[in-house]
Amino acid sequence: MERRDLVIAGTGHASGGLYSLVKLSGNGKLYGDLDCLEMQVQGNATVEGSVKANNVHIAGKGHVTGGMECEWMKVSGSVKIGEHVQCQEATVRGHGLVKGSCTAETIRVHGELDVGGDCSAERMEVEGHFSVGGLLNAGYIEVKLFGPSRATEIGGETIMVKRQGGSLFKKWFFPAELTADVIEGDVIHLEHTTAKTVRGNRVTIGRGCHIERVEYREALECDEEAKIGIIEKG
Amino acid sequence: MEQELISKKELLELTGISYGQLYRWKRKKLIPEEWFIRKSTFTGQETFFPREKILARIEKIKELKDERSLDELAAMFAPDPATVVMTKEEIVKRHIVSDVVLQLLNNQLSDRNDVSFVQLLSLYLVDRLLLSGEISMEEGKNIWKMFESHYPKLQGKSCELIVLRKMGMATCFLAEGAVNLYIEEGAKLAARLHVPACIEELKLKLSEG
């Protein structure tokens, strides 16, 4: 099938289908599943269906009611995806909301990411805050906390959680803290984290942590101000 | 069947792998999602695994991970039948099944030359049973027919192939998932094969080339 371009400039709507370039500037709406090589949104776009593409670039606001499958995704602004996301590289500057699960090689977040289900990646870098409804599973996790974050379970090779500065107002009302039930990894460095259980080979518990139970194998370093319940060497 | 479980912690201690490796293998789908069994314990929610399955799987991953990429391993462990089509010559050349079974195959598809994965799998299962002496040639043919016609319906789900014998008469069937068997007196469980495990063996044989 031949792939043709679809350009909406201004306000308009079209059906989904097979396209080469889909460019929506302004207010665009697509009805049906979309399969394209490149999708560009500048403004406000809604896809009533799923999106399959090589490149997706959203500057502004994007809403996909179905799932999203792409190689490369860049969001400056906000994106809302109704089902699962699968991609190679995802960069979100702004706000990303995924109701299903999220699978990617690399996830970079500058701002906020909310994933309803599980989130797995080889590398995940967050500068801001996030929430993961299920398991956050990544090879390398680096979080620079700017606001309240949570995950039910975090597992991976290297897990680094650090707090960055912020305004006094934000510190008071939206404390930059991570909450999780279980955090497991080979190398773990935590700051300002509240967790029931932390398990790892080399564990560092830094400032502002409340951990009910820490299990470690090789090394444990604790900050004086950290509150730790039970420590066990296994 | 109440399967014996192993906790994540005990698993790591026994096998000597790290949390990172376990999570990496989970991400790469080397360990199926349904083996992660969540249970509440006095320390909160904990993850358990079916003991025998996970230990065997981790042994195999450790044994093969230096020779193969994780993606290749994942394809091998995937329960869905690989889209393999082989020719009769290849099966002979690679010694996947014994000559006796091959003779059967020749009679069965006299003119066609290519063998699908399901056909190959049923051949392989029959071959295993024949070699272990659990069934006779004639029973093998029946098992073969039964398996080939019913297995595609299971669509890659876990199942067991069971052969019962009473007073010399054998009957075979496929059971989805793991089931408890209670057999009448005088009847004998002639053979019981876990099909996904056989698929793994077969895929390993195929990829060895």
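What you see is a predicted model; the values in this text were computed from it and never measured.

**Q** Sorry, what's going on with the overall build of chain A here?
**A** Helix and strand counts for chain A stand at one helix and 12 strands. The linear arrangement of helices and strands in chain A, starting from the amino end, is β-β-β-β-β-β-β-β-α-β-β-β-β. Oriented by its inertia axes, the alpha-carbon framework of chain A measures out at about 60 × 40 × 20 Å. The buried share among the 234 residues of chain A stands at 46%. Long-range pairs, those at least 24 residues apart, make up 11% of the contacts in chain A between residues at least 6 apart in sequence.

**Q** Before we go on, may I ask you to explain the sheet that holds strand β8 (residues 187-194) of chain B in this structure?
**A** Note: strands within a sheet are paired through backbone hydrogen bonds, in either parallel or antiparallel orientation. Residue and element names in this part refer to chain B. One open sheet holds the three strands; their spatial order is β7-β6-β8, and the pairing between them is antiparallel. Edge positions in the sheet fall to β7 (169-176) and β8, since each of these pairs with one other strand and no more. Strand after strand, the sheet turns through a mean of 20 degrees between neighbouring axes, direction not considered. Sheet topology note: the strand β6 (residues 159-166)/β7 ladder contains eight bridges and is antiparallel. Within β7, the position partnered with leucine 161 by the bridge is leucine 174. Contacting β6 and β8, helix α7 (residues 117-131) crosses the sheet at an angle of about 135 degrees to β8.

**Q** Mind showing me how you'd approach unusual backbone geometry here?
**A** Most peptide bonds adopt trans geometry, and most residues besides glycine take a negative phi value. Even without being glycine, histidine 192 of chain A reaches a positive phi, approximately 50 degrees. As for its position among the elements, histidine 192 of chain A is in the loop between β9 (178-190) and β10 (193-205). Located in the positive-phi region is methionine 167 of chain B, a residue other than glycine, with phi close to 50 degrees. Mapped onto the fold, methionine 167 of chain B is located in the loop between β6 and β7. Using a relative accessible area of 75% as the deciding quantity, one classes methionine 167 of chain B as exposed.

Calculation criteria
Residues numbered from 1 in each chain as written. Chains lettered and ligands numbered in written order. Predicted model: local features only at pLDDT ≥ 70, side-chain atom pairs only at ≥ 80, totals over all residues. Heavy atoms only, no water. Helix = DSSP H or I, 4+ residues; strand = E, 2+ residues; numbered from the N terminus. Buried < 20%, exposed > 50% of the residue type's maximum accessible area, 1.4 Å probe, protein only. Contact = heavy atoms within 4.5 Å. Pairing = 2+ DSSP bridges. Axes fitted to C-alpha atoms, helices over the stretch in contact; angles between N-to-C directions.

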